[in-house]
Amino acid sequence: MKALESLIREHQIISRLVAALEVYANRLKTEAAVDARDLSGFARAFAEIGDYIHHEKEEHILLPLLARHGFSWNSGVLPAVRREHRQERYLIEVLGQAGERPDAWSKEDRRHIAATATALVEFQRSHHELENTKLFPEVALRLNAETLDQLQTELEKFDEEIHHRERRATALELANDLIERYAPELPSSPP
């Protein structure tokens with residue numbers, strides 16, 4: 001749906017970052033070598049793309065618009081999305097705090113960090129499922145063409161603001177670097 005294009009694109013980027021974090025967590029679990037500095041990089045990328053850009057658009061543009069057009073602010077999908085955003089912020093903060101530790105991690109440190117990263121991976125996937133199957137389809141079903149155009153215009157305006165454009169570019173550079181370095185290995189095809 002055109003009105004939600006930018007949010008859907010961000011979901012795709014976040015999903016790729018989630019897959020990279022899962023590889024990072026699995027390497028921690030198997031005691032493979034990882035760059036400890038990348039942990040704080042993951043936390044920054046999730047905070048910048050997921051929270052400061054994506055959630056800001058949802059919480060300051062999408063959800064209020066939906067509430068003005070008949071969605072309940074206090075029951076159903078809108079409070080569920082807001083509640084999950086708070087949980088996601090918490091997990092990102094915990095990941096960021098772990099990334100501030102020195103890089104000489106003990107076995108217990110690695111286990112704790114891997115568990116936190118895995119919790120964020122699982123949470124992100126579940127959250128995107130909620131938005132992709134409950135929130136976004138309702139937008140398409142319940143909003144008229146004029147309101148969808150208004151939503152698209154507001155989201156595009158957000159994306160075009162210089163502050164958001166610069167912040168997005170920096171966050172995407174960091175995310176793409178992590179995604180490239182921790183890309184999940186694709187299964188090899190039989191000969």
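Each remark here, short or long, concerns the structure printed above.
As a starting point, this report considers the structure included with it. (Residues numbered from 1 in each chain as written. Predicted model: local features only at pLDDT ≥ 70, side-chain atom pairs only at ≥ 80, totals over all residues. Heavy atoms only, no water.)

1. Topic: the pattern of salt bridges
Stage number 1. Tallied over the entire structure, the rule returns 16 salt bridges.
Stage number 2. Residues Lys57 and Asp159 are paired through a salt bridge, measuring 2.9 Å at the closest nitrogen-oxygen approach. Within this pair, whereas Lys57 is found in helix H2 (residues 37–68), its partner Asp159 is found in helix H5 (residues 145–160), the two being separated by 102 residues in sequence. There is no split in this pair, since Lys57 and Asp159 are both buried. (Salt bridge = Lys/Arg side-chain N within 4 Å of Asp/Glu carboxyl O. Helix = DSSP H or I, 4+ residues; strand = E, 2+ residues; numbered from the N terminus. Buried < 20%, exposed > 50% of the residue type's maximum accessible area, 1.4 Å probe, protein only.)

2. Describing the packing of H2 against H5
Stage number 1. The interhelical angle for the contact between H2 and H5, taken along N-to-C directions, is 155°, at an axis separation of 11 Å. Considering the angle they form, H2 stands roughly antiparallel to H5. Our pair here, H2 against H5, has a crossing hand that is right-handed. Counted together, Tyr52, Ile53, Glu56, Lys57, Ile61, Leu62, Leu65 and Arg68 of H2 and Thr147, Gln150, Leu151, Glu154, Leu155, Phe158 and Asp159 of H5 form the full contact between these two elements.
Stage number 2. Residues of the contact of H2 with H5, tallied by class, amount to eight nonpolar, two polar and five charged. (Axes fitted to C-alpha atoms, helices over the stretch in contact; angles between N-to-C directions. Parallel < 35°, antiparallel > 145°, perpendicular 65-115°, else oblique. Left-handed = near helix turned anticlockwise from the far one by under 90°. Contact = heavy atoms within 4.5 Å. Nonpolar A, V, L, I, M, F, W, Y, C, P; charged D, E, K, R; others polar.)

Shape descriptors only; they carry no functional weight alone.
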